[in-house]
Amino acid sequence: MMKAAIRTSMFRSVMAVAMTLCTVALAGDRHIIVQSTTSTQNSGLYDHILPIYEAAAGVQVRVVAVGTGQAIKNARNCDGDVLLVHAKSAEEAFVGQGYGKQRFDVMYNDFVIVGPRDDPAGIRGLSEATEALKAIASLSLPFASRADDSGTHQKEMQLWRDGGVDPIADSGTWYRETGSGMGATLNIAVAMNAYAMTDRATWISFGNKAEHSVLVEGDPDLFNQYGVILVSSEKCPNTRAEAGQHFINWLLGPDGQEAIAAYSLDGMQLFFPNARPNDPS
Amino acid sequence: MRWSLCLGLPPKDMPMHDDGPSALQTGTTPILPITGKGLFVRRKGRDLLDVQDITIGGRGTTVLVGPNGAGKSLMLNILAGLKAPDRGTVLWNGVPPSRSRYCRFGMVLQSAVLLRRPALSNIEYALRAVGHDKVEARNRAHRALADAGMTKLASASARVLSGGERQRLALARALAVQPDVLFLDEPTSSLDPASVLAIERMVKAASDGGMRIVLIAHDLAQARRVSNEIMMMHNGRIIETAPTDRFFDAPKSAEAAAFIAGKILIS
Amino acid sequence: MQDFAASFAEAFQLVFGLNSGLLEVVWLSLRVSLTAVAVAAVIGLPLGAFLAVSRFPGRAVIIVTLTAMMGLPPVVVGLVVYLMLSSAGALGPLQLLYTPTAMIIAQSILVLPIIASLARQTLEDLHVEYRDQLMLFGLGSLARLRTLLWEGRYSLLTALLAGFGRAIAEVGAVIIVGGNINHVTRVMTTTIALETSKGNLALALGLGIILVAIAFAVNALVFVSRAAAERYAHA
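Residues numbered from 1 in each chain as written. Chains lettered and ligands numbered in written order. Predicted model: local features only at pLDDT ≥ 70, side-chain atom pairs only at ≥ 80, totals over all residues. Heavy atoms only, no water.

A. Geometry of helix α3 (residues 45-57) of chain A. All names here are of chain A. For α3, which comprises 13 residues, the first-to-last C-alpha distance of 18 Å matches the rise-based estimate of 18 Å (1.5 Å per residue) to within 8%. Listed as buried for α3 are Leu-45, Tyr-46, Ile-49, Leu-50 and Tyr-53. For α3, the angular spread of the buried residues around the axis is 100°, confining them to a single face. Remark: Gly-58 follows α3 within two positions and exhibits a positive phi of approximately 70°. (Helix = DSSP H or I, 4+ residues; strand = E, 2+ residues; numbered from the N terminus. Expected span 1.5 Å × (residues − 1). Buried < 20%, exposed > 50% of the residue type's maximum accessible area, 1.4 Å probe, protein only. Arc of directions from axis to C-beta.)

Here you go:
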């Protein structure tokens, strides 16, 4: 009885593992992995466009949503077939080093600076983002930064540089480096009455805005371009290049672009397609 | 599946001769006599055991007596191969004790260790452990339980039996494998009179059947009832070994006389 | 306070709406964590039993190491497993990254020290009581281990439940090696993390309430079946 029980339980666990392996193996040929930024996932874009693609192509698209920096690192480790992020210079470096084949513009939206309603820095309505940041810095008002090497963070650092401010020097005082994703950073900003920079899509879909609102927008410097890259099958022989390319072609083609444009939340369009498939940048 | 080569059973696929239980034991040699030479144990500067020569052979029941701390349990455990002495050797029929020979050796520990399963299964387990097949083990277990007068408790959980029942079950389990020799370490301490009687009866029956018995007892009346030989220990040494009547009627040593007289002996 | 009320409302809505997405996530959580516990038990129980009954040089080091590893940070385990399973890693060719199997591996590593350590302690205590008797049965060391494991089965269940508690509640490891991929590797905890980052705090907390309820249900189920089994063993 004892032996039987032990054998049965061992048998069960072995079977469970075997079954798991089997399901993985079966699904193996019918999916691609997209290393992606969080903003596209958190905003719900993928929930809208992927079912359309999957139904048409019969290929499952598995999105791993992390910061742009980490997404690029994961892709460098060959742990993805397609990279969809928003930090153009980092993307170009990725392609330049041979990890990706070609970079294509897919869509854009913009970054905004959000802050408490009473706006102690008085930046509401400023047309230049750098001016707004300088005002916040000069008054040492709390600012929450993702500080996670994401596309948003890279853009934010560039704006500080343009404004001639080195916020890192004041890290821990008014400048708060959260080291977290966009959503987590917004949660912190709301809780601390801090300013923060975010992509518009994440902000619109963010559910915990409380008294925060968009204060600065529309500066051309706040333009947020998303790019897509097929991971190089020369660097990464295991990559599913054909399926990955198929997905990219769809994204850049009329069907994909239409699907992106059709996604809206609370009546607002979140991403604006701007692919020029035959003209890689 | 056989758990032990103890009984020298033929491999499963070979036909077995139906010669009854004795045929099962042809595969191993007897373990008597059990001898100890120069057994010595010292802890914290005190000699716990110092026995130059002891032999357990022949037939009958030997009762070990002596005050607390005399070394009775320790010696029994060493002779049983459960503990190693600092110095000295224990031989079972000329060969050191080994695991495969415990099918011919029985022991009831001071506090019975029963498995978390029904009473019957406890006995079955011991029988399976020495190599009996399932059916044989079950049949023998039923018989052993009946001999102990515990048939009604066959499916009762061993861990919830009363003290007397537990001790009887442990004894029945030890007897079921029909060992050559049986050690009992104070089997009746703190039991009610009925349980004491039942256990003494089982021990006596086994002894009459030819099993060699060595028993530790504190109750001298019990020692007189069940034994035909008394071995008295004191301060780790064997003081006197004598036939029961002689021991009680005319002890040779002063310690034995004092002990029988109820004078406290504390080392 | 109204957040809490809203969370409970969300939780009830989720449960009674019988949302198929929720079922999928709950099912995957249970599948991953229960399998991880099973795998860890198959390795950890014999390991704990072996450590309980044997004496060899270095045993103390192993025991202390195992005990310390009970507090392994999930994120660290996740990273190590990620580096192994990554295409650039040693086990890359197996293509296990971002699959439930990867999550099972990570959680097994997290749970193994807990099961092995608790089992070792339980069985060592039991062994003190049983050693002489098992010797008298004439059992070999393997049979002795098996008997000890079986005799300690009710206490060992607690070790398994402790392991399950750790597995079902952790997020750090599975989010790294699983990737929180919708319909593939999204479990309760990563969903909670995702909804939190979306600022859907009430929904996140509602999911948390369901997670706690599931953990409670599993424990209650084990408790009841254990009581029944004990009654049966004693009947």
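B. A look at the sheet that holds strand β2 (residues 46-56) of chain B. All names here are of chain B. Ordered in space as β2-β1-β4, the three strands form an open sheet in which the pairing is antiparallel. Since the sheet does not close on itself, it has two edges, and those belong to β2 and β4 (87-92), each with one partner. Taking the axes of each pair of neighbouring strands and ignoring which way they run, one obtains an average angle of 15° across the sheet. Looking at chain direction, strand β1 (residues 34-43) and β4 are connected through five bridges and run antiparallel. Across the sheet, the residue bridging to Ile-34 is Trp-92, located in β4. Contacts from helix α2 (residues 72-79) reach β1, β2 and β4, with the element oriented near 50° to β2. (Pairing = 2+ DSSP bridges. Axes fitted to C-alpha atoms, helices over the stretch in contact; angles between N-to-C directions. Contact = heavy atoms within 4.5 Å.)

C. Here's a closer look at the state of the cysteines. All names here are of chain A. Counted under the stated rule, the structure contains one disulfide over all chains. Sulfur-sulfur distance for the disulfide between Cys-78 and Cys-236 comes to 2.1 Å. Given an S-S torsion of about -70°, the disulfide between Cys-78 and Cys-236 has left-handed geometry. One end of the pair, Cys-78, is in the loop between α4 (68-76) and β3 (82-85); the other, Cys-236, is in the loop between β9 (223-231) and α10 (241-252), and 158 residues separate them in sequence. As far as the burial class goes, Cys-78 and Cys-236 line up, both buried. (Disulfide = S-S within 2.5 Å.)

D. Just the pairing of β9 of chain A, in detail. Residues and elements named next belong to chain A. Of all nine residues that make up β9, eight are buried, and the element is covered over most of its length. Pairing of β3 with β9 involves four bridges; the strand directions are antiparallel. What sits directly across from Val-82, in β9, is Leu-230. Note: strand β4 (residues 100-116) against β9, eight bridges, orientation antiparallel. Each residue of the ladder has a partner; that of Asn-109, found in β9, is Asn-224.

E. How the structure looks around the sheet that holds strand β7 (residues 212-216) of chain B. Residues and elements named next belong to chain B. The sheet built from six strands is open, its strands ordered β5-β6-β7-β3-β8-β9 with mixed pairing. Every other strand in the sheet has two partners, leaving β5 (105-108) and β9 (237-243) as the edge strands with one partner each. The mean angle between the axes of side-by-side strands here comes to 15°, regardless of whether they run parallel or antiparallel. As defined by bridge partners, strand β3 (residues 61-65) adjoins strand β8 (residues 229-234) across four bridges and the pair is classed as parallel. Bridge assignment links Thr-62 to a residue of β8, and that residue is Glu-229. Along the sheet, helix α5 (residues 163-176) contacts β5 and β6 (181-185); its crossing angle with β5, the most-contacted strand, is approximately 175°.

F. Representation of the side chain of Glu-240 of chain B within the structure. All names here are of chain B. Position of Glu-240 among the secondary structure elements: in strand β9. Here Arg-246 takes part through its side chain, which lies 3.0 Å from a polar atom of the side chain of Glu-240. Ignoring any residue separated from it by four or fewer positions in sequence, one finds Glu-240 in contact with Ile-230, Met-231, Met-232, Arg-246, Phe-247, Ala-250, Pro-251, Lys-252, Ser-253 and Ala-256. (Polar contact = N/O pair within 3.5 Å; in protein donor to acceptor, adjacent residues only side chain to side chain.)

G. Highlighting the pattern of salt bridges. Taken as a whole and assessed by the stated rule, the structure comprises 25 salt bridges over all chains. In this structure, Glu-124 of chain C engages Arg-120 of chain C in a salt bridge whose closest nitrogen and oxygen atoms are separated by 2.6 Å. Of this pair, Glu-124 of chain C and Arg-120 of chain C both sit in helix α5 (residues 100-136), four residues apart, which is roughly one turn of that helix. Pair check on accessibility: Glu-124 of chain C and Arg-120 of chain C agree, each one buried. With its nearest N and O atoms 3.8 Å apart, the salt bridge here joins Lys-198 of chain C to Glu-195 of chain C. Side by side, Lys-198 of chain C and Glu-195 of chain C carry an identical accessibility label, which is buried. Salt bridges sharing partners connect three or more residues here, namely Glu-91, Arg-103, Asp-105 and Arg-276 of chain A. (Salt bridge = Lys/Arg side-chain N within 4 Å of Asp/Glu carboxyl O.)

The values are spatial; any link to function lies outside them.
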